[in-house]
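Fold and geometry: a report
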Amino acid sequence: MDLNTIERNETDSASQSAAAASAPAKKVFVKTYGCQMNVYDSQRMTDALAADGYTATDVIADADLVLLNTCHIREKAAEKVYSELGRIRDMKAERAAVGREMLIGVAGCVAQAEGAEIIRRSPAVDLVIGPQTYHRLPDVLARVRGGEKIVETEYAIEDKFEHLPQPKRAEMIKRGVTAFLTVQEGCDKFCTFCVVPYTRGSEVSRPVAQIVAEAERLADAGVREVTLLGQNVNAWHGKGEDGMEWGLGRLLFRLAEIPGLARLRYTTSHPRDMDDELIAAHRDLPALMPYLHLPVQSGSDRILKAMNRRHTAKDYLALLERIRAARGDIALSGDFIVGFPGETDADFEATMGLVRQVNYASAFSFKYSPRPGTPGADMPDHVPEAVKDERLQRLQALLLKQQQDFGLGLVGSTIDTLIEKPGRQAGQKVGRSPWLQPVIVDEMAGEIGDIIRVRITKTGYNSLFAELA
Ligand code: SAH
Ligand code: SF4
Ligand code: F3S
């Protein structure tokens, strides 16, 4: 670069910042679909855009940039995006009629999976950006403002996390006393129903120092509870501060040393990656909450094999036994798919049997949705929709009963609650139990960020009511 260019660039940026000082800030509206990682990513994109002069808005019609952070996991999730794009296209036209621009961006897993097809189907879209290139968002936007349409879905070789700016402390404080922190991204497991290995790429672990630094910044901003995120979070590994190879268990011990961080969680785990050290963390680390989301998907070995889960129902139950031996009060949560190709009544009954045996505190269950490009979509013997419906209903009734029984079992007991926010009704605050249930308490019971002892008095539909113990 010669001196001329440097000077020109400097003048450009000087005149730009002068303009920024007088012009109203540009606004971005971000809508998030899908899993917690998308929630985290949306915050990081918002942070990158803040550094680029955008402030966040909740009013879509006011936005100079609308970003949809999308999910591709099931057909319904992906189709939602296109119907939303139709609505936004009309708003874009209304703004254009009064001489105001509205750029439309699609990020997330639909962006990665469908790329340029999104612009073909919805020509009002200006940019499509996949999860591995969010750090390039400001550059991409500069080119879009120059009139280009951009599809950016290459898997970047550089570490995006190193290039994504951290939020300002004031912004972190605004985001509350609980936070997500991505430590691992991508998946190499290739379950035959799942798009994630294609949309998020292969497994990558963030380095220890980066994770510790981010957790320290969160704690400094008043965060009390951090949930570590990864598509296969317990596959996380990295070189530790002692030069040794660490797994997630060791990382949790390290994060528990950070002053202010009182509660740790992690999600989502794969049964094959629950190692001894992680189980030991559940035994020895009071900060690690006694709640584990450990999806099994099916209780039938035949179906588990067809799903390429690479464990049997018995393996899963034996693993739970070891975890429960380490931490008696651990509550379990899971994910289930009904109607995977070839699933017979007997296979489904095996799932029901496993659920009865495990007794879940909460769970998510879905009808199998064939995803383009996954092996499951091409398997024979797809299950009729009506059969899937009937199985899902039965499974959900059982899971709901278990969830309610779990809540009822807590009535009368004394537990810790992290106060998170004001309640919806005056005079109340909402906290969080160790098992992730919302706990409604009197607003005088404590300040936001306090962990208080409460006695559970009754259960609501999905929450607990409690008084100071
Ligand atoms: N990484 C996590 C899950 C990610 S997807 C894991 O390995 O458990 C979240 C859940 O969506 C999955 O656990 C599964 O139950 C469900 N899911 C994924 N693909 C699906 C599909 N094609 N149809 C229906 N449900 C699906
Ligand atoms: Fe999908 Fe299986 Fe990977 Fe989970 S482990 S993200 S279900 S492929
Ligand atoms: Fe959906 Fe992508 Fe998460 S497909 S569930 S947003 S990893």
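What counts as what
- Residues numbered from 1 in each chain as written.
- Chains lettered and ligands numbered in written order.
- Predicted model: local features only at pLDDT ≥ 70, side-chain atom pairs only at ≥ 80, totals over all residues.
- Heavy atoms only, no water.
- Near = heavy atom within 4 Å.
- Polar contact = N/O pair within 3.5 Å; in protein donor to acceptor, adjacent residues only side chain to side chain.
- Areas by Shrake-Rupley, 256 points an atom, 1.4 Å probe, with all protein chains shown as cover.
- Helix = DSSP H or I, 4+ residues; strand = E, 2+ residues; numbered from the N terminus.
- Buried < 20%, exposed > 50% of the residue type's maximum accessible area, 1.4 Å probe, protein only.
- Nonpolar A, V, L, I, M, F, W, Y, C, P; charged D, E, K, R; others polar.
- Pairing = 2+ DSSP bridges.
- Axes fitted to C-alpha atoms, helices over the stretch in contact; angles between N-to-C directions.
- Contact = heavy atoms within 4.5 Å.
- Phe/Tyr/Trp six-rings, centres within 6.5 Å; stacked < 30°, edge-to-face > 60°.
- Lys NZ or Arg CZ within 6 Å of the ring centre and 35° of its normal.
- Right-handed = clockwise from strand over helix to strand, strands pointing away.
- Expected span 1.5 Å × (residues − 1).
- Parallel < 35°, antiparallel > 145°, perpendicular 65-115°, else oblique.

Surrounding ligand 1, one finds 15 residues, the nearest of these being Phe 193, Gln 231, Gln 297, Asp 335 and Ser 369. Side-chain polar atom of Asp 335 to an oxygen atom of ligand 1: 2.6 Å apart, as the coordinates give it. When ligand 1 sits alone it has 540 Å² of accessible area, and the protein chains cover 89% of it. When contributions to the shell around ligand 1 are tallied by element, the ones reaching two or more residues are strand S15 (331-338) and strand S16 (362-367).

Take unusual backbone geometry next. Thr 267 connects to Thr 268 through a cis peptide bond whose omega is 0°. Positionally, Thr 268 belongs in the loop between strand S13 (263-267) and helix H12 (276-284). Of note, Phe 190 is a non-glycine position whose phi angle comes to about 50°, a positive value. Within the secondary structure, Phe 190 is located in the loop between strand S8 (184-185) and helix H9 (196-199). Even without glycine at this site, Asn 308 takes up a positive phi of about 60°. As for its placement among the helices and strands, Asn 308 is situated in the loop between helix H13 (301-306) and helix H14 (313-326). The class for Asn 308 is partly exposed, based on a relative accessible area of 25%.

Now for the site of ligand 3. Taken together, Cys 35, Asn 38, Thr 70, Cys 71, His 72, Ile 73, Cys 109, Arg 200 and Gln 231 make up the full set of residues adjacent to ligand 3. The residue inventory of the shell around ligand 3, partitioned by class, reads four nonpolar, four polar and one charged.

Strands pair in a sheet through their backbones, by hydrogen bonds, and they do so in one of two ways: parallel or antiparallel. Reading across the sheet, the three strands line up as S7-S10-S13 and stay open at both edges, with parallel pairing between neighbours. Every interior strand has two partners, whereas the edge strands, strand S7 (178-182) and S13, have only one. The mean angle between the axes of side-by-side strands here comes to 25°, regardless of whether they run parallel or antiparallel. In this sheet, S13 lies alongside strand S10 (residues 225-229) in parallel orientation, the contact comprising five bridges. Residue pairing in the sheet places Thr 227 in a bridge with Arg 265 of S13. Across the sheet, helix H2 (residues 36-50) touches S7, S10 and S13, and the angle it forms with S7 is around 95°.

What the rule picks out here adds up to five aromatic pairs. For the ring pair Phe 193 and Phe 340, a centre distance of 6.5 Å and an interplane angle of 85° mean the geometry is edge-to-face. Separated by 147 residues along the polypeptide, Phe 193 in the loop between S8 and H9 and Phe 340 in the loop between S15 and helix H15 (345-358) bring together distant segments of the chain. Consider the rings of Phe 340 and Tyr 368, whose centres lie 5.2 Å apart with planes at 70°: the pair is edge-to-face. With Phe 340 in the loop between S15 and H15 and Tyr 368 in the loop between S16 and helix H16 (385-410), this pair connects stretches of sequence that are 28 residues apart. Assigned by exposure class, Phe 340 and Tyr 368 land together as buried. Each member of the aromatic cluster is reached from another via a ring pair, and the members are Phe 193, Phe 340 and Tyr 368. Above the face of the Trp 246 ring, Arg 250 is positioned so that its terminal group lies 4.2 Å from the ring centre. Taking NZ or CZ as reference, Lys 458 lies 4.8 Å from the ring centre of Phe 465, over its face.

Taking strand neighbours across the sheet as the criterion, the six strands line up as S2-S1-S3-S4-S5-S6 in an open arrangement whose pairing is parallel. The open sheet has two edge strands with one neighbour each: strand S2 (54-56) and strand S6 (150-152). With strand direction ignored, the average angle separating the axes of adjacent strands in the sheet is 20°. Here strand S1 (residues 26-32) pairs with S2 via three bridges, running parallel.

Pairing of S15 with S16 involves six bridges; the strand directions are parallel. Bridge pairing links Val 338 to Lys 367 in S16. One crossover worth recording links S15 to the parallel S16 by way of H15, and it is right-handed.

This next bit is on the side chain of Ser 365. Mapped onto the fold, Ser 365 is located in strand S16. Given the relative accessible area of 11%, Ser 365 is considered buried. Among the polar contacts made by the side chain of Ser 365, one reaches the side chain of Gln 396 at a distance of 3.1 Å. Leaving out residues up to four positions away in the same chain, Ser 365 has contacts with Phe 336, Leu 392, Leu 395, Gln 396 and Leu 399.

A separate point is H16. One full turn of an α-helix is made of 3.6 residues, so residues set three or four places apart face in the same direction. With 26 residues, H16 extends 37 Å from end C-alpha to end C-alpha; this agrees with the ideal 38 Å at 1.5 Å per step. Listing the buried residues of H16 in full gives Lys 388, Arg 391, Leu 392, Leu 395, Leu 398, Leu 399, Gln 402, Gly 407 and Leu 410. Buried residues along H16 sit in contact with S15, H15, S16, strand S20 (451-459) and strand S21 (464-468). Backbone geometry just downstream of H16 places Gly 412 in the positive-phi region, at approximately 95°.

So, about H12. Residues Leu 278, Ile 279, Ala 280, Ala 281 and His 282 constitute the buried set of H12. In this structure, the buried side of H12 is in contact with helix H11 (248-256), S13, strand S14 (291-293) and H14.

It is the contact of H15 with H16, at a shortest axis distance of 10 Å, that shows an interaxial angle of 5°. By the angle between their axes, H15 is roughly parallel relative to H16. Of the residues in H16, those touching H15 at Asp 345, Phe 348, Glu 349, Thr 351, Met 352, Val 355 and Arg 356 are Arg 391, Arg 394, Leu 395, Leu 398, Leu 399 and Gln 402. The residue makeup of the contact of H15 with H16, split by class, is six nonpolar, two polar and five charged.

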